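# Descriptive analysis of the structure
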Amino acid sequence: MPHDIDFPGRQSDEHVVIVLHRHWFIFVRSVATLVLLGGAPVVVMLVWSRLTDWQLADGSLGYALLVMAGALYYLFLWILIYGYWLDYYLDTFIITNKRVVDIEQAGLFGRTVAEERLYRIQDVTSDTKGILATSLRYGNVYVQTAGKTERFIFEQVPHPELVARSILDLTDKIDDRLERPDGDSLPAENPKPLSPATRSGTVGKLRQ
Amino acid sequence: MIEFPALWLKYGFFALGGLLLLLAFVYLLNGLRYGARMTLTVMTSGLFIAGVGIIAWLTNSMLTAVDWSSTFSVPLPDVSFLRFGF
């Protein structure tokens, strides 16, 4: 599936393999809580007006206060829903043919972009915990790297085991390319020790 | 009994509502800044603006029943220490 997503530092020969967001249920669960909070005052007012003979005259102080408080309350809930949406949608995990990128939107003014080259990945683990996570098939993917960011965590992503498998497949391809004598994309900071024959073959290729 | 102009309430509401609208605007800018190229972000931002508009319109239409040139009075409870000038 082609991805036209853009992200900081994307190279021209880099193509996106997987774009991940958190599982939709995480967003729906947050919004459902806010919808319940939104419905609660209406239910309370309906029940209260049925049980008592409480009524507000149009234009009275109580009426004005109620309308204003309601407007502020629902505006606040609406902003929160939009904030949850932004947090859900702008938190992105991108896996390309060269690296993994973790973009985290933290509140209004916080944004973290962490990335790591695929050849630095040492270990990929996935876990699924809980009844909901198991039945809806979402969980965490832990990417252990040799870089500064030692561990990437892709939280609550759908099909974590498939994601982990895909990352491992991509790293295997990179490893194969690095170990081949005619490998043409050996990074300068390659952490893997290469045999003298492989090293000379690669250098020979690079010098051409 | 405390009496105060109805306009005070209106201005207080505008102040609080204005702060919330400012927050909404910042959220919107933030969303469009990082997700402007994503169709879904543009659509949800449009939906968000529409929601804010509907809330503002509903509030305004419900508050037309209030006479803002009048005064509101709030009866104070008949507590004995108030009579002693405290």
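Above: the structure in question.
Quick look at the structure, then. (Residues numbered from 1 in each chain as written. Chains lettered and ligands numbered in written order. Predicted model: local features only at pLDDT ≥ 70, side-chain atom pairs only at ≥ 80, totals over all residues. Heavy atoms only, no water.)

## A short note on the overall build of chain B
Using the following cut-off: A run of DSSP states H or I qualifies as a helix once it reaches four residues; a run of E qualifies as a strand once it reaches two. Both are numbered from the N-terminal end. Here, two residues are considered to be in contact whenever any of their heavy atoms come within 4.5 Å of each other. Only the protein chains shown count as cover for residues, with accessible areas throughout obtained via the Shrake-Rupley method and a probe of 1.4 Å.
Helix and strand counts for chain B come out as 2 helices and 2 strands. Start at the N end of chain B and walk to the C end: the helices and strands fall as β-α-α-β. When contacts within chain B are restricted to residue pairs at least 6 apart in sequence, those whose partners lie at least 24 apart make up 78%. For chain B, the accessible surface area stands at approximately 6,000 Å², while carbon and sulfur atoms represent 73% of it.

## Brief notes about the sheet that holds strand β5 (residues 121-127) of chain A
All names here are of chain A. Applied cut-off: Two strands make a pair as long as DSSP finds a minimum of two bridges between them. Only the contacting stretch of a helix is used when fitting its axis, a line to C-alpha atoms as for every element, and angles between N-to-C directions run 0 to 180 degrees.
A sheet is described by the order of its strands in space; here 3 strands give the open sequence β5-β6-β7, paired in antiparallel fashion. Strand pairing shows two members of the sheet lacking a second neighbour, β5 and β7 (151-158), which therefore form its edges. Each adjacent strand pair in this sheet contributes to an overall mean axis angle of 15 degrees, direction not counted. By the bridge criterion, 6 bridges tie β5 to strand β6 (residues 138-145) in an arrangement that is antiparallel. Its bridge partner being in β6, Asp-127 is matched across the sheet by Asn-140.

## Brief notes about helix α2 (residues 39-62) of chain B
Put simply, the test is: A helix is expected to reach a length of 1.5 Å times the quantity of its residues less one. When a residue's accessible area, from a 1.4 Å probe over protein chains only, is under 20% of the maximum for its type it is buried; when over 50% it is exposed; and in between it is partly exposed.
In this model, α2(B) (24 residues) spans 35 Å end to end at C-alpha, consistent with the 34 Å of a helix rising 1.5 Å per residue. Inspection of α2(B) places Thr41(B), Thr44(B), Ser45(B), Phe48(B), Gly51(B), Val52(B), Ile55(B) and Thr59(B) among the buried residues, and these make up the whole buried set. Against α2 (61-90) of chain A together with α1 (6-35) of chain B lie the buried residues of α2(B).

## Quick look at unusual backbone geometry
Among all residues except glycine, the phi angle is most often negative; among peptide bonds, the trans geometry is most common. Residues and elements named next belong to chain A. Positive phi is not limited to glycine here, since Gln-156 has a value of about 50 degrees. Note on placement: Gln-156 falls in strand β7. For His-159, which is not a glycine, the phi torsion comes out positive at approximately 50 degrees. Position of His-159 among the secondary structure elements: in the loop between β7 and α4 (160-179). Here His-159 falls in the partly exposed class, since its relative accessible area comes to 34%.

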